[in-house]
Amino acid sequence: MDVDRAFVASVIRGGKEQVSKVREVIPADYLKSLEASKAYQFVIEHTVTYGDCPTFEIVEDFTGVDLKSEPSITTAFACDKLQDRRTTIILKDEVASAISKLEAKQPKDAVEVL
């Protein structure tokens, strides 16, 4: 399962209320898939501009991204997975930076990074 695509599909299924809930919590750059990010951004912009969430067909017509066949998962589950992935990426980067500082014999700077 592609969690990015499944997330966007779950947002569309949830309608404008779902868009309102998640658009501040999950920015488009949390999505690794460029297609899913493009579709998500379109869904947000469409909902803000027109006051209603676009259908799967409209998303596909304007972005070329077909999400109709994505598995039905809860948006909350998908949000958790996306946030976990983002946290993991950030922690890996910070730990790598701290290790680099330690190798350079700069333990105080390593602690600052963390």
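Right above here is the structure, for reference.
Below is a short write-up of the structure. (Residues numbered from 1 in each chain as written. Predicted model: local features only at pLDDT ≥ 70, side-chain atom pairs only at ≥ 80, totals over all residues. Heavy atoms only, no water.)

### Describing the overall build of the chain
Summing up its helical and strand segments, the chain has five helices and zero strands in all. Along the chain direction, N to C, the helices and strands of the chain fall in the order α-α-α-α-α. By the compact-globule yardstick of 13 Å for 114 residues, the chain is too spread out, its C-alpha radius of gyration being 18 Å. By residue count, 38% of the 114 residues in the chain fall in the buried class. In the chain, the proportion of contacts linking residues at least 24 apart, taken out of those at least 6 apart, comes to 64%. Accessible surface, the chain as shown: approximately 7000 Å² in total, 54% of it carbon and sulfur. A gap of 4 Å separates the mean positions of the 15 positive and 20 negative side-chain charges of the chain. (Helix = DSSP H or I, 4+ residues; strand = E, 2+ residues; numbered from the N terminus. Rg over C-alpha atoms; globule rule 2.2 N^0.38 Å. Buried < 20%, exposed > 50% of the residue type's maximum accessible area, 1.4 Å probe, protein only. Contact = heavy atoms within 4.5 Å. Areas by Shrake-Rupley, 256 points an atom, 1.4 Å probe, with all protein chains shown as cover. Lys, Arg positive; Asp, Glu negative; His and termini not counted. Charge placed at Lys NZ, Arg CZ, Asp CG, Glu CD.)

### Quick look at a nonpolar patch on the surface
On the surface, Val95, Ile99 and Leu114 cluster together into a nonpolar patch covering about 280 Å² of accessible area. Examined against the element boundaries, Ile99 turns out to sit in helix H4 (residues 75-103). (Patch = residues over 30% accessible without salt bridge, like charges linked within 9 Å, V, L, I, M, F, W, Y side chains within 5 Å. Salt bridge = Lys/Arg side-chain N within 4 Å of Asp/Glu carboxyl O.)

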